[in-house]
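Read off the chains here:
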Amino acid sequence: MVERGRVVGVLMGGLSTEREISLATGQAVIAALRERGWYTIGIDVGRDLPDQLRANRIDVAWVALHGRFGEDGCVQGLLEMLGIPYTGSGVLASALAMDKIATKRHLQALPEITLARDAVVRVGQPLPDILPCVVKPAVGGSTIGIAKCTTADELEAAVAQALALDAQVLVEELILGDEITVAVVDGQAMPVVRILPESGFFDFEAKYTKGLTRYEVPAAIDSHTWERAQSAAVAAYEAIGCSGLARADFMVRNDGEPVFLEINTLPGMTATSLSPMAAGATGVSFPELVEKILHGAHVMSPEQGS
Ligand SMILES: Nc1ncnc2c1ncn2[C@@H]1O[C@H](COP(=O)(O)OP(=O)(O)O)[C@@H](O)[C@H]1O
Ligand SMILES: [Mg+2]
């Protein structure tokens with residue numbers, strides 16, 4: 001366990017399209033750690049991160065990055081090499097969870113998890129016959145580059161747009177129904193949260209503009225859906241090999257079955273984000289959750305360090 005008196009570096013910002021969101025997460029985490037009495041330094045992550053880590057002499061890293069280079073195992077690999085314990089998932093789990101195609105292929109045999117029918121498209125390949133559908137770049141987040149399509153023309157345009165962001169694109173059957181999410185902390189499922197976007201689509205705007213989405217916690221859904229969602233979230237967390245906090249997203253099919261979309265290894269962590277909201281429903285405050293995640297910080301193979 002990380003002891004008080006250690007220097008905590010909060011890694012934030014970064015190089016991805018989710019930089020601004022990460023800065024908000026980082027500021028919230030710093031405020032929470034300071035409130036709990038931790039000596040904390042904010043580190044804005046750039047290409048000079050190795051120099052910054054050496055110069056700041058941190059004892060432990062609270063990783064508050066989202067998206068590429070931060071959530072995908074890259075920063076985790078660097079921290080492993082430097083022997084600095086860090087919060088959250090390790091290299092492999094981060095990399096797997098970052099890629100929606102790799103994640104789905106990894107989870108497809110698990111009885112706890114139901115997946116939407118899909119096809120993968122690369123440049124020059126024919127379009128699949130899945131309509132209506134959702135088109136997503138394999139790697140990404142915050143609904144960037146995601147489009148819903150009902151016609152073949154829309155599908156063609158959406159795939160072209162997504163291929164500009166990624167070499168592989170996931171075309172997934174559209175699931176109409178409630179959207180729910182389940183945070184998992186140290187292997188324990190938190191209460192299910194139902195997401196009710198005004199527009200019907202939980203896109204970038206709905207995610208980050210106050211008042212455009214209503215959140216229901218605990219979700220008023222039937223107990224079968226609740227239990228399936230919690231057990232699917234924990235099964236995904238374990239199969240991917242996550243640590244600390246992760247959050248799985250689902251669409252509830254009209255027969256009540258939650259259809260797994262993705263698992264996020266670095267979900268948003270401002271005081272009003274989904275995971276703190278869910279943990280709050282169990283009586284865990286935001287600063288307590290941030291500190292709990294800090295206590296889980298580790299390196300994969302400390303005994304093999306230099
Ligand atoms: N198969 C699907 N059917 C219906 N809606 C979907 C589907 N896949 C994604 N969505 C919608 O798009 C949003 C973003 O998709 P998601 O896979 O969670 O990627 P990310 O959050 O990384 O951008 C979801 O929150 C949901 O609103
Ligand atoms: Mg999502």
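Data block above holds the structure.
These lines cover the structure that appears in this document, whether it is placed above or below. (Residues numbered from 1 in each chain as written. Chains lettered and ligands numbered in written order. Predicted model: local features only at pLDDT ≥ 70, side-chain atom pairs only at ≥ 80, totals over all residues. Heavy atoms only, no water.)

**A look at the coordination of the magnesium ion (ligand 2)**
Note the threshold: Note on donors: an N, O or S atom is included if it sits within 2.8 Å of the metal, or within 3.2 Å for Na, K and Ca, and water is never included, so sites can look incomplete. Each helix corresponds to a stretch of at least 4 residues labelled H or I by DSSP, and each strand to a stretch of at least 2 residues labelled E; elements are numbered beginning at the N terminus. Accessibility here uses a 1.4 Å probe with only protein chains present; expressed as a share of the type maximum, an area under 20% marks a residue as buried, one over 50% as exposed, and anything in between as partly exposed.
Within the protein, the atoms that donate to the magnesium ion (ligand 2) are D249 (OD) and E262 (OE), at distances of 1.9 to 2.1 Å. Here D249 is found in strand 13 (residues 245-252), whereas its partner E262 is found in strand 14 (residues 258-264), with 13 residues between them in sequence. Among the residues examined, D249 registers a relative accessible area of 7% and is labelled buried. Taking the relative accessible area as the measure of exposure, E262 reaches 12% and is therefore buried.

**Some points on the pairing of strand 14**
The line we're drawing: Being paired, for any two strands, means DSSP has found at least two bridges between them.
When you tally the buried positions in strand 14, you get 7 out of 7 residues, the bulk of the element. As paired strands, strand 4 (residues 114-115) and strand 14 are joined by 2 bridges and run parallel to one another. If you follow T114 over to strand 14, its bridge partner there is V259. Here strand 13 runs beside strand 14; their pairing, made up of 6 bridges, is antiparallel.

**What about the sheet that holds strand 5 (residues 118-122)?**
Rule in force here: Axes here refer to lines fitted to C-alpha atoms; in helices the fit is confined to the stretch in contact. Angles between the N-to-C directions go from 0 to 180 degrees.
Read from one edge of the open sheet, 4 strands run 5-8-6-7, paired in antiparallel fashion. Strand pairing shows two members of the sheet lacking a second neighbour, strand 5 and strand 7 (147-149), which therefore form its edges. When the angles between neighbouring strand axes are averaged without regard to direction, this sheet yields 25 degrees. Relative to strand 8 (residues 168-173), strand 5 runs antiparallel, the two being bridged by 5 bridges.

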